[in-house]
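Coordinate analysis (summary)
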Amino acid sequence: MENIILCHGGVGSKARSAPDMNGIAEKSWNEDPLKSVVNAVVIMEDDPQFNAGTGSVMRIDGSIQMDAAVSVPGRFGSVIGIEAVKNPVMVARDVMEKTPHIMLSGSGAVEFARRCGYMEYDPSTVKSREAYRKMIGGIRDGLTENEKYIEFQKLIREGIIDEPHDTVGAVARINGKFAAAVSTGGASPMMRGRVGDVPIPGAGIYCGQDGAVVATGIGEEIAKRILCYRIYSRIGSMPLKSIIEKEIAFFGDNLAGVIAVTVNEAAYFSNGTMGTDMFAKRLP
Ligand code: GLY
């Protein structure tokens with residue numbers, strides 16, 4: 001069976017036309033599947049068009065808090081609400097490889113990143129700061145954070161501001177071994193401290209002996225359904241693409257997408273636009 005790396009640039013992605021996803025998958029290639037998926041996610045975190053790493057969206061209070069995760073069979077690492085680092089996915093990999101834990105959050109994640117040598121970094125861009133100003137400009141003064149959240153949702157429904165979902169992710173099957181990685185700035189509008197699906201094992205990411213699955217979309221909905229583990233647990237019961245389609249059908253109008261690889265299949269599906277591509281290569 002071919003070795004494969006599959007990348008996505010997020011359901012609802014506005015960046016889908018610019019970066020060459022197949023090129024990203026090809027550049028990230030490594031004989032180690034974990035290195036491949038981390039390489040792919042780092043490339044997308046460093047591309048300000050995606051809502052991950054540089055270019056992540058701002059929260060209601062103007063902060064940028066990012067989530068990221070990596071997994072190989074039996075091992076998992078994630079960071080939750082990490083701030084002021086360039087590549088959250090690399091810190092998540094270090095959580096998996098250098099600590100006895102599976103998740104680090106907030107200031108603990110930042111302190112760990114600094115101890116690992118990750119320098120302070122501002123992931124905001126002119127575009128993300130402008131988007132935040134546009135968002136805040138539509139909101140009345142004197143509202144509580146919860147009231148602001150409700151106002152933001154109204155502006156999104158009315159099409160006055162965009163709802164960014166360009167989470168990034170990758171799954172790989174290389175020489176029969178699997179790995180998965182995912183990273184996001186979150187799904188706007190968000191309160192400070194909000195956690196989505198990305199750093200929760202089984203929700204936005206799952207990797208086991210039978211395959212690797214990564215999700216994108218509205219984190220709350222994905223986490224409530226434990227989407228990636230549900231898909232993983234059905235592997236072998238029908239074609240992979242059908243499993244993904246059936247699980248995404250439960251999301252109704254809520255955006256959701258998945259990429260996945262198994263021992264003998266690779267598939268993706270989303271209920272919105274999703275920058276996705278697959279790079280397949282036979283190793284010598
Ligand atoms: N799927 C990304 C998030 O909701 O945070």
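Note that the structure is predicted; figures quoted are calculated from it, not measured.

**Looking at the packing of helix α3 (residues 88–98) against helix α4 (residues 106–115)**
Running from N to C, α3 and α4 cross one another at 80 degrees; their axes reach a closest spacing of 10 Å. Viewed along their axes, α3 and α4 adopt a mutual orientation that is roughly perpendicular. Residues V91, D94, V95 and K98 of α3 lie in contact with α4, whose contacting residues are A109, F112 and A113.

**Quick notes on α4**
Quick reminder: α-helices carry 3.6 residues per turn. Residues three or four places apart thus point the same way. Three or more residues of α4 are buried, namely A109, V110, F112 and A113. For α4, the arc enclosing every buried residue in end-on projection is 160 degrees, short of the 170-degree limit, so these residues lie on one face. α4 presents S107 and R115 as exposed residues on the side facing more than 90 degrees away from its buried surface. Contact partners of the buried residues in α4: β3 (75–82), α3 and β4 (103–105). Phi for G117, located one or two positions after α4, is positive at around 100 degrees.

**Some details on the environment of V91**
Assignment of secondary structure puts V91 in helix α3. Looking at V91, the relative accessible area reads 0%, which means it is buried. When neighbours within four sequence positions are excluded, V91 is seen to be in contact with V79, I82, A109, F112, A113 and Y118.

**Topic: the pattern of salt bridges**
According to the stated counting rule, one finds nine salt bridges in the structure shown. Between K86 and D46 there is a salt bridge, with the nearest N and O atoms lying 3.5 Å from each other. Residue K86 is located in the loop between β3 and α3, and its partner D46 is located in the loop between α2 (33–45) and β2 (66–72); the two are separated by 40 residues in the primary sequence. A residue is classified by how much of its surface remains accessible, and D46, at 32% relative accessible area, is partly exposed. A salt bridge links K98 to D94; the nearest nitrogen and oxygen atoms lie 3.5 Å apart. In this pair, K98 and D94 both sit in helix α3, four residues apart, roughly one turn of the helix. Exposure remark for D94: the relative accessible area of 3% places this residue in the buried category. Taken together, the shared-partner salt bridges connect R225, R230, R234 and E247 into one network.

**Considering the sheet that holds strand β9 (residues 256–262)**
With antiparallel pairing, the four strands of this open sheet are ordered in space as β7-β8-β9-β10. Each of the sheet's edge strands pairs with one partner strand only, and the pair in question is β7 (205–208) and β10 (266–270). With direction set aside, neighbouring strand axes in the sheet form an average angle of 5 degrees. Each of β9 and β10 is contacted by helix α9 (residues 240–248), which is oriented at about 20 degrees to β10, the strand it contacts most.

Basis of the calculations
Residues numbered from 1 in each chain as written. Predicted model: local features only at pLDDT ≥ 70, side-chain atom pairs only at ≥ 80, totals over all residues. Heavy atoms only, no water. Axes fitted to C-alpha atoms, helices over the stretch in contact; angles between N-to-C directions. Helix = DSSP H or I, 4+ residues; strand = E, 2+ residues; numbered from the N terminus. Parallel < 35°, antiparallel > 145°, perpendicular 65-115°, else oblique. Contact = heavy atoms within 4.5 Å. Buried < 20%, exposed > 50% of the residue type's maximum accessible area, 1.4 Å probe, protein only. Arc of directions from axis to C-beta. Salt bridge = Lys/Arg side-chain N within 4 Å of Asp/Glu carboxyl O. Pairing = 2+ DSSP bridges.

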